[in-house]
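# Structural features, examined
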Amino acid sequence: MTADQVISRGSLLDRDSSITPAEMVKHLVPPRQFETATLDSYRPDRDYPSQGAAVAAIRNFAHVFSRKNSGGLFSRRKPPVELPGIYLDGGFGVGKTHLLAALWHLAPGRKYFGTFIEYTALVGALGYAGAVSQLKGATLVCIDEFELDDPGDTRLMSRLLSELVASGSRIAATSNTPPNALGEGRFAAQDFLREIDALAARFTTIRIDGLDYRRRDMEGQAISTGDSEFGTALEQLSGVVTVDTFDAVIAHLSTVHPSRYVRMIDGLDGIAVTGVRGLSNQTDALRLVAFVDRLYDAQVRILATGTPLDQVFDEDMLAGGYRKKYLRAVSRLIALTAGQV
């Protein structure tokens, strides 16, 4: 270990998770790993032509930004009528977030990039009118991991997107579910078809097929360290690292709103979790999924003992309405425990 590898140990339970509305807005930028994402740096899998087609669709969607600055007083050509949004639908690990971040980088002016849960949390912090005032008129609003888990979210996003589009904002979103199937298996989505259809009508939907890029060169499961090896493995993690039991982490996540997880892990290089076990409570499992998403965005490594982390979700969870969420988390947990972040 070199002299510049300063080691700091602590607990997740002691970290500050408070975040102000201004800090929420400041965080509405692409995750660290996508700070320099471009369409040219996206690596489409040649076995899945839809990936290359998605790149072309994003380029075409971005042309509106240059058109706004082109033409002139005597230009008579009317631009083709386009939907105000583009929606990237595909499985986990096909590069949807990379493409969304690349589009964000192409957009001029004021723009925002956040997960679905970050936008709903912003509404909670600022109030609906305050959130609309903050976001409206932006050149582009990017929504990663677009999901409808309950009727309240459905009504909220239908209304919010309507107001943002009316203000001239363009909308780009990613999801594991096509827009007209949002909410299926999670709540009585058929009772909210008007709102769901209104959401879907604002987007050009682009389907992206393919294998999880995180596993193109890696197979297996999340790495679990033996109890006797834990101390040595922990010493090899440099930087700011927390150490907690799995049960303590799960209990703590229940006391912090998922929108604040990003603040809880701010500045962390790794987390160590002991005594991992299977989960039987779906609420706990979904909180863990949200936490894993933030760990992955921040590229925080995980050292764990006990049950391999990709096996904590039981068969009923993996067969239910949140299946795609859990599979995304499994993919990310394998990468985080293998140090491939």
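See the structure above.
Residues numbered from 1 in each chain as written. Predicted model: local features only at pLDDT ≥ 70, side-chain atom pairs only at ≥ 80, totals over all residues. Heavy atoms only, no water.

### Description of the packing of aromatic side chains
Heads up, the rule is: In this analysis, rings of Phe, Tyr and Trp, with Trp reduced to its six-membered ring, are considered paired at centre separations within 6.5 Å, and the interplanar angle assigns stacked below 30 degrees, edge-to-face beyond 60, and tilted for intermediate values. Helix and strand definitions follow DSSP, with helices as H or I runs of at least four residues and strands as E runs of at least two, each counted in order from the N terminus. Burial classes follow relative accessibility: with a 1.4 Å probe on protein chains only, a residue under 20% of its type's maximum area counts as buried, one over 50% as exposed, and anything between as partly exposed. When the NZ atom of lysine or the CZ atom of arginine is within 6 Å of a ring's centre and also within 35 degrees of its normal, the charge is said to sit over that ring.
In the structure shown here, the tally under the stated rule is 5 aromatic pairs. Ring geometry for Tyr87 against Phe146: centres 6.2 Å apart, planes inclined by 55 degrees, an arrangement best described as tilted. Taken as a pair, Tyr87 in strand β2 (residues 85-90) and Phe146 in the loop between β4 (140-144) and α5 (151-166) lie far apart in primary sequence, 59 residues in all. On the numbers, 4.8 Å between centres and 35 degrees between planes, the contact of Phe313 with Tyr326 is tilted. Here Tyr326 lies in helix α12 (residues 323-337) and Phe313 lies in the loop between β9 (301-306) and α11 (315-319), a separation of 13 residues in the sequence. For Phe313, a relative accessible area of 5% translates into the label buried. Here a set of aromatic residues connected by ring pairs shows up, and it is made of Tyr87, Phe116, Phe146 and Phe203. Its guanidinium or amino end placed over the ring of Tyr128, Arg159 lies 3.8 Å from that ring's centre, counting from NZ or CZ. In this structure, Arg170 is placed above the aromatic ring of Phe61, and the distance from its NZ or CZ to the ring centre is 4.1 Å.

### Here we look at the sheet that holds strand β3 (residues 111-115)
To be explicit about the condition: A strand pair is defined by DSSP finding two or more bridges across the two strands. The axes are straight lines fitted to the C-alpha atoms, using for helices just the contacting stretch, and the angles between their N-to-C directions are given from 0 to 180°. Should any heavy atoms of two residues lie within 4.5 Å, those residues are counted as being in contact.
What the 5 strands build is an open sheet, ordered β3-β4-β5-β2-β6; its pairing is parallel. Here the strands that pair on one side only, and so sit at the sheet edges, are β3 and β6 (203-208). Taking each pair of neighbouring strands and ignoring which way they run, the sheet shows an average axis angle of 15 degrees. As defined by bridge partners, β4 adjoins strand β5 (residues 170-175) across 4 bridges and the pair is classed as parallel. In the sheet register, Leu140 faces β5, and the bridge partner there is Arg170. In the packing of helix α4 (residues 116-135) onto the sheet, the strands contacted are β3 and β4, and the crossing angle to β3 comes to about 145 degrees.

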